[in-house]
Amino acid sequence: MFDSKVHILDHPLLQHKLGILRDKNTGVKEFREIVSEVAALECYEATRDLPLEDVEIETPIAKGTFKCLAGKKLAIVPILRAGLGMVDGILNLVPSAKVGHIGLYRDPETHQPVEYYCKMPDDIDQRDVIVLDPMLATGGSAVAAIQFMKNYGCQHIKLMNILAAPQGIEAVRKAHPDVDIYVAAVDPELNGHAYIVPGLGDAGDRIFGTK
Ligand code: PRP
Ligand code: URA
């Protein structure tokens, strides 16, 4: 029986940057840059279990046996739109990762996810997958995106968010108990429009300047 772990990444640098994201006066340029930086810092933790192997390296002084990544294949899968804001920060750390895209939006009335786009690397079923979305609110989008990846045959999936509500975490844990969640903070509740409170507003609009 799986029991997914929720990794709340309370590093001071992350918490400081999250405060800037929450501030309604933070402009689109800074918001976008900080989403990317937060994703990179979270990636550092989410990749902590990557396997290493021994390699022979000759330094300018002597030969030795050292560690390098064992070539595990990674894919990151942003949920459009807002997940796109996390991609560059992660690719800066893991440049060989492939990128799949899932387009989902929440129906404003029902809050249910509606799929409108999907494009995956050919070998996605052989890759470890990190699904990216800054916001985990009701959890509907993340639950659907993870199910999507499972339907593609993916077996090792992690979810990376910036902010979550308890409902979203519970929904993912219930539907996908094999998926670990990485998040910088869990806020107390959702409002009547299923927005996270106090949250940071609409992540997609703030990344792309659409409102
Ligand atoms: C936001 C967010 C998540 C979803 C979270 O996307 O980026 O995908 O809502 O809510 P949930 O946990 O209740 O499903 P939105 O639907 O606003 O689309 P956008 O990224 O295109 O703005
Ligand atoms: N989507 C967002 O962008 N923000 C929220 O608070 C909830 C869902």
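Shown above is the structure to which this text applies.
Residues numbered from 1 in each chain as written. Chains lettered and ligands numbered in written order. Predicted model: local features only at pLDDT ≥ 70, side-chain atom pairs only at ≥ 80, totals over all residues. Heavy atoms only, no water.

(A) Fine view of the nonpolar core. Among the nonpolar cores identified, the biggest contains 35 residues, and Leu21, Leu132 and Met160 are the most heavily contacted of them. Counting only elements with at least two residues in this core, the list comes to α1 (12-22), α2 (28-46), β4 (74-80), α3 (87-93), β8 (128-132) and α6 (203-208). A total of seven residues in this core trace back to one element, the largest contributor, which is α2. Sequence-distant contacts of Met160, that is, excluding residues within four places in its chain, are made with Ala39, Glu42, Cys43, Ala46, Met86, Ile90, Ile130, Val131, Leu132, Asp133 and Tyr182. With 24 residues, the next largest nonpolar core counts Ile79, Ile124, Met149 and Ala164 among its residues. (Core = buried A, V, L, I, M, F, W, Y, C linked by side-chain atoms within 4.5 Å. Buried < 20%, exposed > 50% of the residue type's maximum accessible area, 1.4 Å probe, protein only. Helix = DSSP H or I, 4+ residues; strand = E, 2+ residues; numbered from the N terminus. Contact = heavy atoms within 4.5 Å.)

(B) Fine view of the pairing of strand β3 (residues 63-69). Note that strand β2 (residues 52-58) and β3 share seven bridges and pair antiparallel. Following the sheet pairing, Leu52 is matched in β3 by Leu69. The turn linking β2 back onto β3 is made up of four residues. (Pairing = 2+ DSSP bridges.)

(C) Just the side chain of Glu42, in detail. The residue Glu42 is located in helix α2 in this model. Buried Glu42, no salt bridge; nearest opposite-charge side chain is Arg22, N-O distance 11 Å. Not counting the four nearest positions on each side in its chain, Glu42 is found in contact with Leu9, Leu14, Met160, Asn161, Ile162, Tyr182, Val183 and Ala184. (Lys, Arg positive; Asp, Glu negative; His and termini not counted. Salt bridge = Lys/Arg side-chain N within 4 Å of Asp/Glu carboxyl O.)

(D) Representation of the pattern of salt bridges in the model. All told, the structure shown has twelve salt bridges when counted by the stated rule. The salt bridge partner of Lys17 is Glu37, with a shortest N-O separation of 2.6 Å. Highlighted residues: Lys17 in helix α1 and Glu37 in helix α2, separated in sequence by 20 residues. The class for Lys17 is buried, based on a relative accessible area of 18%. Its salt-bridge partner being Arg48, residue Glu45 comes within 2.9 Å of it at the nearest N-O pair. Under the relative-accessibility criterion, Glu45 is labelled partly exposed at 27%. A relative accessible area of 59% means that Arg48 is categorised as exposed. In the salt-bridge network here, residues are joined through shared partners; they are Lys73, Asp123 and Arg127.

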